[in-house]
Amino acid sequence: MMALLLVVATSIAFVVFIHKLFQKAWRPPLSSKEAKVAEHKPGVLFQLKTWIAYWKVKRQMAEHSAVPTSELLDQECPRHLADKNDFALDSVFISGFAADGSANVLLRVARRPGGKAEVWLVIQHNEIGILRLGCHPFCSVEGGTDGFSAAGLRFECIDPCRVWRATYNGILRLLPANGGEERDVHVRFAFRWSAYTGIINFDCHVHPWCIAEALAREKWTKELQDKLAQASKQTHWEQWGQLQGSLSVEDLGTFSLNARGMRDRSFGLRDWANLQYALHFGRVENGTVFQVVVVSRQDSFHRLAAGYVVKPNGVFESVTSCNVDLSHFSDFANLPTDYGFSFETDCGKYTVECQPETEHIFFHGNSGSEVEIRERLSRISLNGIAGRGTNEVCNKCSRIAAGPAVLCERPTQVQVPSLGGQNPLTISLSDPKCVHLKLTGGKGAQLARIQAIGTKLFTVPSGFCVTTQALEQHIEANSQLKVLLGELKMSWRQAEYDGDIHQLHQRVADGFLQSNIPDHLAEAICSDYNQLVHDIEPEVAVRSSAVGEDSVENSSAGQMETYLNVRGSASVLEHVVRCWASLYTHRAVQNRRQHGEPVLDQMAVVVQLMVPAHVSGVLFTADPLTGNPKTTVINAAYGLGENVVSGKVTPDTIVLKKTSAEAFLVKSITRGVPLPDAGNDETQNMLGCLTQHNAQVLAKIGQEIESALGFSVDVEWAEENGNLYVLQARPITAIQIENDNELMHELDSALASDKEWLTTCNAGEVLPGAISPLSQSLVVQAVDAAMQNLQVEWGVVSSSASPAMKEMVVYSGHVFINLYSVSNLYENNVLLASKEMSDLSVCGKVLDEMTWDSIREHSGQSPFWTRTRNCINGIKYLRSGSNKLDELDSLLSSFWVPTKSNTSDMYRAITADWPRYFDAWSTHVLFTSRSSLWISALTSLVKCNMNDLSLLLSCSSHVISADIPSAVERLADVIVHENHGSAASFADLSEDDALKFLYTEESNEAGRAFRQFLEKHGHRCLRETELLVKPWAADPTSLIPVIQSLVRQRTSLGSVENSTDHIAEPNKADIDSVFDKLNVKLSSMKRKWVKSIVLKARDGVEQRERAKSMVVKMSDRFRQAYQHLGKLMVSEEYLPDKELIFFLTHFEIGQLLQGKRSLVIKAVRRKKLYPIQMELRYPVHSVGTPQQIQEEDVDDSSSVSLALHGMPVSCGTIEGKARVVTNLKDAVNILPGEILVTHCTDVGWSAYFTLIGGLVTELGGLISHGAVIAREYGLPCVASVERATSSIRTGDIIKVDGSQGIIVQIKVAKMKN
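This one's a predicted model, so the numbers in the text were calculated from it and none came from an experiment.

1. Focus on the overall build of the protein chain
Helix and strand counts for the protein chain come out as 38 helices and 43 strands. Each of the 1313 residues in the protein chain was classed as buried or not, and the buried ones make up 58%. For the protein chain, contacts bridging at least 24 residues in sequence account for 69% of all contacts bridging at least 6. Just so you have it, the protein chain exposes about 54,000 Å², and 52% of that area is on carbon and sulfur atoms.

Here you go:
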């Protein structure tokens, strides 16, 4: 007892002693001089405090480090800014460095409270010079928006944490590369940034030791704790990616950009005046990226060092310490110019050499110039490997800076008065309430805002709006209209309308023309009309003003009607109704549907006094083709502007150039061709219809309207007796639209370096051709995540799977495997793994050109103990999956994505079940790896002899996909046996009639066999993992041609009984009998080992095919869920066509449901481009960005004898006629015994294996679909034969040696005229 008390007393005394010692050891607050340098020297017991803080921080980070990916995806969207907090910030930063130093890009938009923003825009190019904003170096600008857009620079999130788009179309200041004078130039760029690293989240990826050391330097008080809590109210993460696109500069041309750099996403609270830091980040030649920062916050910690290294294979290392001295960067006048530093990570030591070359200065902060940031673009090296990077230094301003420049991008805020619960039937254009879009439509609201400008330069003709409320009351008063509109709405809610949609639209329009305006509504319109000009019935223009038109996203110009020279109350009422009717013409309705707008739109009507125009036309405040804001284009002609708009005349074209804020210079005048009856003398026609003075005044008018509305506009104007009138204005909508090439590559993946090897092998079999955007966002990402997870489980990569695709690469919709990423499982990272076998299993051959040195440079070299550990981890993981197939099978027996009755609930239901889909692919990849592992072991025993391997694998156990050919053939046999009198007629039926027959009672056993086949294999088809493609169960007609071919073959034999002799059965070779045929002689002991492994390998192939069938079934469940969602989106008027859902990513579908209607037209354009993408062809192997194979690149060697070599995957020799088929639709021409030559096969081809005598494929390997089925049926097969389909022609007599991998051309087919 006494001993225990002694221990307790001693412990208490020790704690008290330590506490007092800490009080003495902790330093007092810094002096002002020390604060400037902000480098705190460690005090006594620094290490003890560090360890205490370390364990505390590590525990807290473990609790909060698992930020859900879904949450990060949501946080990519603009965040809500607290307007009352001046420190609130929401920013996106993108940088890029060309590998050769020829180009550097710095882009940043930070949203701040009160409609302000901080903008960086600097582009440095060797052939151009330096481009930057005119307000540079000041960053604070007016005109921030709800999105990441300010000063003309716009960021758009295409796919969260994967793809962003940066665009600009405006004026930048050019510092020419040749040293000429600075000048303003029009610049237009569209860059796509796509990620190749995971998310580096500073909330959880900063090493706890760095935080612990920073805390150990400080005095631990309650005040410090409160300040740290305040400092933590900021979220910050980074990713590295590839920046690609085009850059057009006035007078200099268009340049391509290919750079790599960092994207930074930050939001929360940031007090610039409280920060000092020195940041280094860069990328070196092998693709490794790094970031090291030393930061000081005067109100909390005085030195925090942090950072990371990410290897090109995705391996993440966290910085634990660095020797950067912040005091060396505290004086901008003496920043180091050629220096180095070192840092350590949890995996190694690094040395950085830095040589700054160009410096860019930025002033910003809460008052616009509180801090000065130097962005120093530099040559760097990391452990001797050269690269490019940036040294970013932030300090308080060392000089007095002038106030920030003001760029006004958005319109001057117009105070929109409340309607006070009133919905007037008519309203004057001069009434402040007329700016309500929902009340007066796009045209009416724009005119009201223009009239509110109050300038002396122009006049808006007097007028009024017949409001949307008037249309609603008119419909309510005419019951026949309500019936017609109800029918119209229902027609679009149906996936397929049974009636004539054109006639329905015409009936609705006619219904309006035959309707009567209610008396109270007619009285209100006539009253306002009569007040336009007292005691006179003036001529007016009656213009449609739909709510959805004249917007930035959709101008709808010319879709609805405008009527001129309308006189008299009765005529005005008639033409108001005509405008209403034009809302439902086929042209107008289709336009709304194509843009995702509601069918039953709201419309107002503008009634304006006519201007007896002497000259009129259209003014563009920016070049309508390029968007150049320095250029104003005016089209002018005699008479009414309708002549110009409708194209009845060729107008004069006046081009003006903006020379200053207020001055415009006429650059060119092109005379048009006036109407013959223009009524103007020849002298006027020779000089043009518009004086230069009036042209310059018009340009100034356009500038004022543009400033008021906040976007480039085209303005309809008129001139009469020297007075200028503005009739209407709408946005120029085509300037920012992506071109076809940008759209085809919008979802492309990034590469960590241009040295990475890509292949279509394997990927081209599973996902042949181009893949739809929806399949990219679900299927490809699921496959990629499964392959990344495999490396995580093996221990090769420590972090969780990255949202950026690493294993799979998408380029113009085509899918590739990144062989460098797969190389993580090569023998330099995993003991017993083999590069040769990995090459063979993926590519079908050993890639000697992909050297070991390049792989080590990319993936690094792991020590022996790490490779041993990874091998053990991998074996454990592969063994742990024994029950996963049964679990997946059990899940699929009852799993369906829940069916919901509305789009929002259905979208959420699909999203909630995404993890099940990803898990299914993980199971498939697991069993594919198990199969490859056993084959790898088998390869090492038989010394990689492909002929021996194919023999040993030729007698696999039951493979589910191999059952398809024999099942189809048995079905044909049943048709012949049961209907031998009419079997020939079945073979001659059309596909639709043959299918109908199989569903009738007359088909008897054949019909039952057909339905049983669909029940078992109906979820499969050609390109079966593509969500856009219908499986056999949904579209059985694709099976009919092969069944008819087999029936025709049997009936041609002349004997029904003999037909059974031709039913193909899987090969049942015995293992022991195969040993005698091997080229490699095996000892009795080795035979036992080989036999054991062969059994495992065969089981592995069977399990892999079973897992694939299950994952395809899971894909079909999601396909049906998306199809249902597509129908709901048509019903709720989000989409005009249910199939368009497949041309949006899952994220974009969610955005569309939230109101981003512009995505509809993007989906329409993608659907049109899809056939073009399907026709593109790429080499089997590529280094860096894949280059399309042009027709002239394809060798036509069919006129000479040739010998092709490939990989022997199924033994045997056959000589026969070749049938080259590149599209499954042409497979109906295959004749019995022909040798099929094709790009690759998947399960959709299985039914034809009973007809062919041999197989040659351009892709594939030992365990590809074609190889497995060919071995099952004893068909000679050679895979991985490059350009087989272009070298061999249908009708050629060829010899296929499946044992040696050789195809010899015996006789060339004659070419047909």
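2. Some thoughts on the sheet that holds strand S15 (residues 304–310)
Taken in spatial order, the eight strands of this closed barrel run S13-S14-S15-S16-S17-S18-S19-S20, and their pairing is antiparallel. Strand-to-strand twist of the sheet, defined as the mean angle between neighbouring strand axes without regard to direction, takes the value 30°. As paired elements, strand S18 (residues 349–364) and strand S19 (residues 371–382) share 12 bridges and run antiparallel to each other. In the sheet register, Phe362 faces S19, and the bridge partner there is Ile373. Across the sheet, helix H5 (residues 208–216) lies against S15 and strand S16 (316–322), angled at about 170° from S15, the strand it touches most.

3. Describing the nonpolar core
Counting residues in hydrophobic clusters, the biggest one holds 87 residues, and the most contacted among them are Ile910, Phe1118, Tyr1122, Leu1125, Met1129, Leu1135 and Ile1149. Ranked by residue count, the leading element in this core is helix H34 (residues 1084–1131), at 12 residues. Dropping the residues within four chain positions of it, Ile910 is found in contact with Val897, Phe1118, Ala1121, Tyr1122, Leu1125 and His1146. Grouped together as the second largest cluster of nonpolar side chains are 73 residues, Val968, Ile1040, Val1101 and Cys1277 included.

4. Description of the pairing of strand S26 (residues 615–620)
In terms of burial, S26 is a largely internal element, six of the six residues being buried. Summarising the sheet, S26 and strand S27 (residues 631–638) pair through six bridges and their orientation is antiparallel. When the sheet's bridge partners are listed, Val615 is paired in S27 with Tyr638. Bridge analysis of S26 against strand S30 (residues 713–720) gives six bridges, and the strand direction is antiparallel. Note that in S30 the partner of Leu619 across the bridge is Val715.

5. What to know about the packing of helix H24 (residues 884–892) against H34
Contact pair H24 / H34: the axes reach a minimum separation of 10 Å and the direction vectors enclose 30°. Regarding the angle of H24 to H34, the classification is roughly parallel. Once H24 is placed against H34, the crossing between them reads as left-handed. Residues Leu885, Asp886, Leu888, Asp889, Leu891 and Leu892 of H24 touch H34, and the partners they reach there are Gln1103, Arg1106, Ala1107, Met1110, Lys1113, Met1114 and Arg1117. Tallied by class, the residues present in the contact of H24 with H34 amount to seven nonpolar, one polar and five charged.

6. Considering the packing of helix H11 (residues 519–530) against helix H12 (residues 569–582)
Direction vectors running N to C along H11 and H12 enclose 120°, while the axes themselves pass 10 Å from each other. Once H11 is placed against H12, the crossing between them reads as right-handed. Along its contact with H11, which presents Leu521, Ala522, Ile525, Cys526, Tyr529 and Asn530, the element H12 presents Ser569, Val572, Leu573, Val576 and Trp580. Partitioned by chemical class, the residues of the contact of H11 with H12 number nine nonpolar, two polar and no charged.

7. Brief notes about the side chain of Thr1145
Structurally, Thr1145 is set in the loop between H34 and helix H35 (1146–1153). On the accessibility criterion, Thr1145 (1% relative accessible area) is buried. Ignoring anything within four residues of it in the chain, the contact list for Thr1145 reads Leu747, Pro773, Leu774, Ser777 and Arg1166.

8. A look at unusual backbone geometry
Excluding glycine, residues mostly have negative phi values, and the peptide bonds linking residues are mostly trans. In this model, His136 is joined to Pro137 through a cis peptide bond whose omega is 15°. Structurally, Pro137 is set in the loop between strand S4 (129–132) and strand S5 (140–142).

9. Things to note about the packing of aromatic side chains
Overall, the coordinates contain 29 aromatic pairs when judged by the stated rule. When the centroid spacing of 4.4 Å and the interplanar angle of 5° are considered together, the rings of Phe189 and Phe191 count as stacked. As far as burial versus exposure is concerned, Phe189 and Phe191 are alike and both buried. Taken together through their ring pairs, the aromatic side chains of Phe93, Phe97, Trp120, Trp240, Phe281 and Phe362 make up a single cluster.

10. A look at the sheet that holds strand S21 (residues 426–428)
Within a sheet, neighbouring strands are paired by backbone hydrogen bonds and run either parallel or antiparallel to one another. Read across the open sheet, the five strands follow the order S21-S22-S25-S23-S24; overall the sheet is antiparallel. At either margin of the open sheet sits one strand with a lone partner, and together these are S21 and strand S24 (562–567). The sheet shows a mean angle of 25° between the axes of neighbouring strands, taken without regard to direction. Pairing of strand S22 (residues 463–466) with strand S25 (residues 603–609) involves four bridges; the strand directions are antiparallel. The residue bridging Phe464 from the neighbouring strand is Val607, located in S25. Of the strands in this sheet, S21, S22, strand S23 (539–546) and S25 are in contact with helix H7 (residues 437–451), which crosses S23 at around 120°.

11. Side note on the pairing of strand S33 (residues 808–811)
Residues Met808 and Val810 of S33 are buried on one face, and the alternating residues Val809 and Tyr811, pointing to the opposite face, are buried as well. As paired strands, S33 and strand S34 (residues 814–818) are joined by four bridges and run antiparallel to one another. Paired with Val809 across the strands is Phe816, a residue of S34. Between S33 and S34, which follow one another and run antiparallel, lie two residues, and Ser812 among them has a positive phi close to 50°.

12. Remarks on the pattern of salt bridges
Per the stated rule, a full pass over the model turns up 44 salt bridges. Between Lys630 and Glu250 there is a salt bridge; the shortest N-O distance is 3.1 Å. Within this pair, whereas Lys630 is found in the loop between S26 and S27, its partner Glu250 is found in the loop between strand S11 (234–249) and strand S12 (253–269), the two being separated by 380 residues in sequence. For the pair Lys630 and Glu250, one class covers both residues: buried. Three or more residues joined by partner-sharing salt bridges are found here, namely Glu746, Glu1148, Lys1162 and Arg1166.

13. Observations regarding the side chain of Gln75
Mapped onto the fold, Gln75 is located in the loop between helix H4 (69–74) and strand S1 (88–97). Gln75 gets classed as buried once you look at its relative accessible area, which sits at 9%. Setting aside anything within four residues of it in sequence, one finds Gln75 in contact with Thr235, Trp237, Arg265 and Phe267.

14. Re helix H13 (residues 586–594)
Where H13 is concerned, the buried positions are Ala588, Val589, Asn591, Arg592 and Arg593. Positive phi shows up at Gly596, right after H13, with a value of about 70°.

Quick notes on the rules
- Each residue is numbered by its place in its chain's sequence as written, counting from 1.
- At least 70 in pLDDT is required for a residue's local features to be given in this predicted model, at least 80 for side-chain atom pairs to be given and counted, and no such filter applies to totals for whole chains, interfaces and linings, which use all residues.
- With hydrogens and water excluded, all non-hydrogen atoms of the structure serve as input to the side-chain values.
- Runs of E in the DSSP output that reach at least two residues are strands. Runs of H or I that reach at least four are helices, and both are numbered from the N terminus.
- Exposure classes here rest on a 1.4 Å probe applied to the protein chains alone. A residue is buried below 20% of its type maximum, exposed above 50%, and partly exposed in between.
- Note on definitions: a residue-residue contact is assigned when non-hydrogen atoms from the two residues lie within 4.5 Å.
- Using a 1.4 Å probe, accessible areas were evaluated by the Shrake-Rupley method; residue-level cover was limited to the displayed protein chains.
- Only when DSSP finds a minimum of two bridges between them are two strands counted as paired.
- In this analysis an axis means a line fitted to C-alpha atoms, helices contributing only their contacting stretch, and an angle means the value between N-to-C directions, from 0 to 180 degrees.
- Residue types Ala, Val, Leu, Ile, Met, Phe, Trp, Tyr and Cys, when buried and joined through side-chain atoms within 4.5 Å, form a set referred to as a nonpolar core.
- For classification, angles of less than 35 degrees are called roughly parallel, those exceeding 145 degrees roughly antiparallel, those between 65 and 115 degrees roughly perpendicular, and all remaining angles oblique.
- Each helix crossing is assigned a hand: it is left-handed if the near helix lies turned anticlockwise from the far helix by less than a right angle, otherwise right-handed if that turn is clockwise.
- Lys, Arg, Asp and Glu make up the charged group, whereas Ala, Val, Leu, Ile, Met, Phe, Trp, Tyr, Cys and Pro make up the nonpolar group; the residues left over, Gly among them, are polar.
- Aromatic rings from Phe, Tyr and Trp, with only the six-membered ring used for Trp, were paired whenever their centres fell within 6.5 Å, and each pair was classed as stacked if the ring planes differed by under 30 degrees, edge-to-face if by over 60, and tilted otherwise.
- For salt bridges, the criterion is a side-chain nitrogen of Lys or Arg within 4 Å of an Asp or Glu carboxyl oxygen.

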